[in-house]
Amino acid sequence: MKRLLTLLLALSMLFALALPAAAAEDEEYFVGFSALMTGNEQVMLIIDAITGYLEDHGCTVQLSDAGGDLPTQISQIENFATMDADLVIILSVDMDTLYDACIKAEEQGTKTFFFGMQPDFVEEIGGCNAVGYYNIGVAAAELMLKWVDEKYPDAEPGSLPVAVSAMDSYADGKAINEGFADRLEEDGRLYVDYYENVLD
C-alpha cells in the first residue's frame with residue numbers, strides 16, 4: 001500500500017505543471033476536479049492524494065462527481081470554465097466525448113488535464129498524466145492486499161484462493177491483468193483458483 005500512495009503522491013506533483021505558474025504569495029489558484037464517479041476506494045485515494053497536494057500548494061479545489069453520466073461531466077467542465085477555474089482535472093473513461101468541452105474551456109483560459117489516460121488531443125489541452133494500464137493493475141492488487149493484511153494477517157504463502165473476473169479481449173485490459181497478476185505473484189499469499197474473461 002505504501003508503494004501505491006507514494007506513486008499517487010508523486011504523480012499528483014505533475015499537476016502543478018498545468019497551472020500558469022507556481023503560486024505566488026497572496027495568490028491562490030482555483031482548481032476544478034471532475035470525476036466521472038467517486039464510488040470506490042481506489043478513485044478516492046487518487047482524488048485525496050491530488051487534492052491534498054494542491055491544497056498544500058495554495059490551491060482551492062472543488063470536486064464534482066458526475067455519477068457515471070458523461071453529459072453531466074461535460075456540464076461540469078463547462079461550469080468550471082464559466083467559474084474561471086485555472087485548471088480542471090478530469091477523471092473519465094471516455095476522452096473523445098469530452099473533447100469539445102475541453103477545447104472550449106481552453107479557449108476561455110481554463111487548462112484541462114486528464115489523469116490516468118492520454119487523449120489523442122493531448123497537445124491541444126493543458127496535459128495529462130497517464131500512469132499506464134499495467135500500473136493500474138498493480139494499484140488494484142495493492143488494494144486487495146491491504147484487505148488481506150486486515151482480514152488474514154497470518155496467511156501463509158499460497159494459502160488464499162482467488163476468483164478472477166477479468167477483461168482479456170483488448171490490449172489495455174490485458175495490461176491491467178498483467179499488473180494485477182504480477183503483484184499478487186510477488187506477494188505470494190494468494191493463488192488464482194478460478195479465472196473468467198467477462199467479455200467471452
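A. Focus on the pairing of strand β2 (residues 59–65). Across 7 bridges, the pairing between strand β1 (residues 29–35) and β2 is parallel. Each residue of the ladder has a partner; that of S34, found in β2, is S64. A crossover connection joins β1 to the parallel β2 through helix α2 (residues 41–56); in handedness this β-α-β unit is right-handed.

B. Looking closely at the packing of aromatic side chains. Summed over the entire model, instances satisfying the criterion amount to 4 aromatic pairs. Ring plane angle 70° and centroid distance 6.2 Å describe the contact between F30 and F80, whose orientation is recorded as edge-to-face. Taken together, the residues span a long stretch of sequence, with F30 in strand β1 and F80 in helix α3 (residues 70–82) at a distance of 50 residues. In this pair, the class of F30 matches that of F80, namely buried. Between F114 and F121, the aromatic rings sit 5.9 Å apart at their centres with planes inclined by 75°, giving edge-to-face as the arrangement. Here the two residues F114 and F121 agree in accessibility, since each one is buried. Cluster of aromatic residues (ring-pair linked, three or more members): Y99, F114 and F121.

C. Structural context of the side chain of Q73. Relative to the helices and strands, Q73 resides in helix α3. Under the relative-accessibility criterion, Q73 is labelled buried at 0%. A polar atom in the side chain of Q73 sits 3.0 Å from the backbone oxygen of L91.

D. Just the nonpolar core, in detail. Grouped together as the largest cluster of nonpolar side chains are 20 residues, with contacts concentrated most on I77, I90, L98, C102 and F114. Those elements that place two or more of their residues in this core are α3, β3 (87–91) and α4 (99–107). Not counting residues within four places of it along the chain, the set of residues in contact with C102 comprises I77, I90, T112, F114, F121 and I125. Counting 17 residues, the second largest nonpolar core, distinct from the first, contains V43, Y53, C59 and L87.

Conventions we followed
Residues numbered from 1 in each chain as written. Predicted model: local features only at pLDDT ≥ 70, side-chain atom pairs only at ≥ 80, totals over all residues. Heavy atoms only, no water. Pairing = 2+ DSSP bridges. Helix = DSSP H or I, 4+ residues; strand = E, 2+ residues; numbered from the N terminus. Right-handed = clockwise from strand over helix to strand, strands pointing away. Phe/Tyr/Trp six-rings, centres within 6.5 Å; stacked < 30°, edge-to-face > 60°. Buried < 20%, exposed > 50% of the residue type's maximum accessible area, 1.4 Å probe, protein only. Polar contact = N/O pair within 3.5 Å; in protein donor to acceptor, adjacent residues only side chain to side chain. Core = buried A, V, L, I, M, F, W, Y, C linked by side-chain atoms within 4.5 Å. Contact = heavy atoms within 4.5 Å.

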